[in-house]
Amino acid sequence: MNSWKHLSNASTRELLMTFQSTTHPDRDNAFYALVDRFKSDLLRFCEVRCSGFGQPPSVAEYLVDNVFAAFARNPLFDFANAKLKDDNKAFLVYLNGIARNELTNIYRDQKKKQEGKWSDGLERIVTEIPPLPKNATIEDQVKYEVLQELPFTHRVVYLTYMSYENMGCYLPRKLQKALREYLGISQPTVRVYKKEVLDRFELALKGFKFIKEE
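From a predicted model like this one, the values you see are computed outputs, not experimental measurements.

A. Just the environment of Phe 31, in detail. If you trace the backbone, Phe 31 turns up in helix α2 (residues 27-52). A sequence separation of 40 residues divides Phe 31 from Phe 71, and the C-alpha atoms of the two residues are 9.6 Å apart. Here Phe 31 is in contact with Phe 19, Phe 68, Phe 71 and Ala 72, once residues within four sequence places are set aside.

Okay, structure coming up:
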């Protein structure tokens, strides 16, 4: 997407005025020009901030996208409120402020996921065993066979929990409730079923290793 290139020499102030005008024919191009101009400096800032929060570089890149998306939704920057006289530095400081807020939101979401309090409204009960990948390990193949032999209730409990735990999250409480109601069981029973599945896995893997060693 290079249609914004004709704006590459425009000042930051001109680009912002163009983007903040909802009827300007070059509005979208002005936004892309701003992104191109500030993305490198913003990424460096985000990498430093993310490192301080123990986040990997991939989160910094995600954060940059979030910052520009947030600005696009609410392009409220006003030079009259800026403390710096240099337009480029003033706008970058503004973007950095958005980054700090967005990173805090990311961190809070991660904590909520770890505590089972996070929800994006897309939670679902998993009832179908996903297909084995072509490069599945022997351990995966053994677990796959065990899952196929399990009672439906045990299988659903395990698959639903694993779909979230594999992402480093606890099962959202809203989904825990939905799972209990779907299967007609209590939370203690859910825990028992989950443990029984893990015990079956362990027993099957021990049996496989025993046969292999003979």
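Anyway, onward from the coordinates.
B. Representation of helix α3 (residues 57-73) in the model. Between its first and last C-alpha atoms α3 spans 25 Å; for 17 residues at 1.5 Å apiece the expected length is 24 Å, and the two agree. Here α3 has its buried residues at Val 59, Ala 60, Leu 63, Val 64, Asn 66, Val 67, Phe 68, Ala 70 and Phe 71.

C. Fine view of the packing of helix α1 (residues 12-19) against α2. In the contact formed by α1 and α2, the axes pass within 8 Å of each other and the chain directions differ by 140°. As far as their axial angle goes, α2 and α1 are oblique. In terms of crossing hand, the pair formed by α1 and α2 is left-handed. From α1, Thr 12, Leu 15, Leu 16, Thr 18 and Phe 19 reach across to α2, where they touch Arg 27, Ala 30, Phe 31, Ala 33, Leu 34, Arg 37 and Phe 38. Classifying every residue of the contact of α1 with α2 by side-chain character gives eight nonpolar, two polar and two charged.

D. Structural detail: the packing of aromatic side chains. If you walk through the whole model with that rule in mind, you get 13 aromatic pairs. Between Phe 71 and Tyr 94, the aromatic rings sit 6.2 Å apart at their centres with planes inclined by 80°, giving edge-to-face as the arrangement. Of this pair, Phe 71 sits in helix α3 while Tyr 94 sits in helix α4 (residues 87-115), placing them 23 residues apart in sequence. A relative accessible area of 1% means that Phe 71 is categorised as buried.

E. A look at the confidence of the model for the protein. Taken over all residues, the pLDDT of the protein has a mean of 86, while the share at 70 or more is 87%. When mean pLDDT is taken per element in the protein, α1 scores highest with 95 and α4 scores lowest with 83.

F. Region of the structure containing the nonpolar core. Judged by nonpolar contacts, the single largest core of 34 residues is most densely connected at Leu 42, Leu 63, Phe 68, Phe 71, Phe 91 and Leu 95. Secondary-structure elements contributing two or more residues to this core are α1, α2, α3 and α4. Residue contributions to this core peak at ten residues, all from α2. Residues in contact with Phe 91, not counting those within four places in the same chain, are Thr 12, Leu 16, Leu 34, Phe 38, Phe 71 and Phe 77. Ranked by size, the runner-up nonpolar core spans 20 residues in total, among them Leu 150, Leu 159, Leu 175 and Leu 179.

G. Representation of the side chain of Asn 66. Of note, Asn 66 is situated in helix α3. If we ignore the near neighbours within four places in the chain, the residues touching Asn 66 are Glu 102 and Ile 106.

H. The side chain of Asn 29, seen in detail. Along the chain, Asn 29 turns up in helix α2. Judged by its relative accessible area of 13%, Asn 29 is buried. A distance of 2.9 Å separates a polar atom in the side chain of Asn 29 from a polar atom in the side chain of Asp 26. When near neighbours in sequence (up to four residues on either side) are disregarded, Asn 29 contacts Ser 3, Trp 4, His 6 and Leu 7.

Calculation rules
- Residues numbered from 1 in each chain as written.
- Predicted model: local features only at pLDDT ≥ 70, side-chain atom pairs only at ≥ 80, totals over all residues.
- Heavy atoms only, no water.
- Helix = DSSP H or I, 4+ residues; strand = E, 2+ residues; numbered from the N terminus.
- Contact = heavy atoms within 4.5 Å.
- Expected span 1.5 Å × (residues − 1).
- Buried < 20%, exposed > 50% of the residue type's maximum accessible area, 1.4 Å probe, protein only.
- Axes fitted to C-alpha atoms, helices over the stretch in contact; angles between N-to-C directions.
- Parallel < 35°, antiparallel > 145°, perpendicular 65-115°, else oblique.
- Left-handed = near helix turned anticlockwise from the far one by under 90°.
- Nonpolar A, V, L, I, M, F, W, Y, C, P; charged D, E, K, R; others polar.
- Phe/Tyr/Trp six-rings, centres within 6.5 Å; stacked < 30°, edge-to-face > 60°.
- pLDDT = per-residue confidence, 0-100.
- Core = buried A, V, L, I, M, F, W, Y, C linked by side-chain atoms within 4.5 Å.
- Polar contact = N/O pair within 3.5 Å; in protein donor to acceptor, adjacent residues only side chain to side chain.

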